[in-house]
Every structure is written in structure tokens, then in C-alpha cells.
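# Understanding the architecture of this molecule
Take a look at the letters that make up each chain.
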Amino acid sequence: MFQSNITQRYIKHDKDRIYQGDILKNIELRFCENKDVVEISCPYVVILSQDCDLLQCRCNECSQNKENNQYLPNVIVFPAFVDEKLREGNHLLEIYDVKQQRINSEKFKEIKQNNNPRYHYLTGNNDFELANLVIDFKLYYTIPYNDLKQKYDKSYIATLNELFREHLSQRFSNYLSRIGLPDIPD
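Residues numbered from 1 in each chain as written. Predicted model: local features only at pLDDT ≥ 70, side-chain atom pairs only at ≥ 80, totals over all residues. Heavy atoms only, no water.

A word on the overall build of the protein chain. Along its length, the protein chain carries seven helices and eight strands. Residue burial in the protein chain is summarised as follows: out of 186 residues, 42% are buried. (Helix = DSSP H or I, 4+ residues; strand = E, 2+ residues; numbered from the N terminus. Buried < 20%, exposed > 50% of the residue type's maximum accessible area, 1.4 Å probe, protein only.)

Right, dumping it as C-alpha cells:
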């Protein structure tokens, strides 16, 4: 467990368990795409699964207790991209070999202020050797809990403090629940 000062954006804990808001470095993800197994390497990921779910179940314990309904097979993670790579449209080159449009100064300012609903900006921190990062809410994955746990100790960098991870979670849920409305003529 850890104690935190609520005004700090990032904190470190003793890695006793996986927390919502944990930031990990150099994580390999595997998933199926068109019946093929695809492996991608993410320079950073941020864990978004709810902290209460992560606290309730440490997968091995739950899977052995047949009366426990807290089994959590997968953890939701976001790749996080260095802000300048995203701005230049190069953030997906390493992962998908896809070049995106460059983001102009005005739109990037919106992203940095978290005023663009698609992106979430995380200000870097030298104490944690953490670059300025951007999460694109269109890109999220699940990783098996046990796979993540095996990589966790070597990859853990820091954790978003409670208010900051709650803000991230709320922004993602708002993005995910948006409703596209048709263009209605006047």
C-alpha cells in the first residue's frame, strides 16, 4: 500500500499489487487480428481497469476459490505515446506501421489542456523519468492479468494519483459513451 499527497500528480508504491493508474514501460501486447496473433510493443501503457476490481482479485487467488465471483482474467490498458511523436503523427509507426496526420499547434494546445475529448494528456515528470505522454482513447487493449503480473516488477514506473486517475477514467467513459447524432437540416 502507499500514502500519497493528493496534490502530487504521480506517486510510487511498493508494487504489492497492480493499481489503476499504474504506468508501465516497454510492454508487449498480443492479440488476435484476422485469425493471426499480432504482437506489438508499447513504449508506455497506463492501466485503466477499476482499482476496486484490481484490489478484489489477484487472479490466482480468485481462480482457485470456486465461491468467489471476483475473477478478473484481463486488465484494460492504454498505450501512451510521447507527445511529440503523436503531434508529428508518428506515434503508430512503431506499433502498426501507420503514419497519421500532423497535429497543428492549435489542436495540440487543446490536447495538452485536455480539451479534446479523444485524447488525454499526461504531463511528464523528471523524478520518475516520465516523458510527456498522450493517450488516444481510440486505442485500448486488454492483457491477461497473469501476463501483466509477470512483467509488472520490471516495467513499473509510477502511478497516477487518485484524482488524476479518476479524471482519466471519467474522460474515457465519456468518450466511450458518446452518441453520434445525424446532421439535421435547419
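One finds L24, L29, I47, V75 and V77 to be the most contacted residues of the largest nonpolar core, which totals 23 residues. Breaking this core down by element, the ones donating at least two residues are strand 2 (22-33), strand 3 (36-47), strand 4 (74-82), strand 7 (141-144) and helix 6 (145-155). Not counting residues within four places of it along the chain, the set of residues in contact with L24 comprises P43, Y44, V45, I47, L148, Y152, S155, Y156 and I157. The next biggest cluster of nonpolar side chains, apart from the first, holds 19 residues, and it includes Y44, V46, L48 and F78. (Core = buried A, V, L, I, M, F, W, Y, C linked by side-chain atoms within 4.5 Å. Contact = heavy atoms within 4.5 Å.)

Scanning the model with the defined rule gives four salt bridges in all. Between E88 and R102 there is a salt bridge, with its nearest N and O atoms 3.4 Å apart. With E88 in helix 3 (residues 83-88) and R102 in the loop between helix 4 (93-96) and helix 5 (105-112), this pair connects stretches of sequence that are 14 residues apart. (Salt bridge = Lys/Arg side-chain N within 4 Å of Asp/Glu carboxyl O.)

The next thing to look at is a nonpolar patch on the surface. A surface patch of nonpolar side chains, about 260 Å² in accessible area, is lined by I76, Y140 and L176. Of note, I76 is situated in strand 4. The class for I76 is partly exposed, based on a relative accessible area of 31%. (Patch = residues over 30% accessible without salt bridge, like charges linked within 9 Å, V, L, I, M, F, W, Y side chains within 5 Å. Areas by Shrake-Rupley, 256 points an atom, 1.4 Å probe, with all protein chains shown as cover.)

This brings us to the side chain of H91. Tracing the chain through its elements places H91 in the loop between helix 3 and helix 4. With a relative accessible area of 7%, H91 lands in the buried category. In contact with H91, not counting residues within four places along its chain, are F81, K85, L86, Q100 and D136.

Glancing now at the pairing of strand 6 (residues 133-136). Of the two faces of strand 6, the one carrying L133 and I135 and the one carrying V134 and D136 are both buried. In the sheet, strand 4 pairs with strand 6 via three bridges, with the strands oriented antiparallel. Following the sheet pairing, A80 is matched in strand 6 by I135. Where strand 5 (residues 119-122) meets strand 6, four bridges bridge the pair, whose relative direction is antiparallel. Residue pairing across strands places Y119 opposite D136, the latter belonging to strand 6. (Pairing = 2+ DSSP bridges.)

Note that every value here comes from positions in space, so none of it alone points to a role or purpose.
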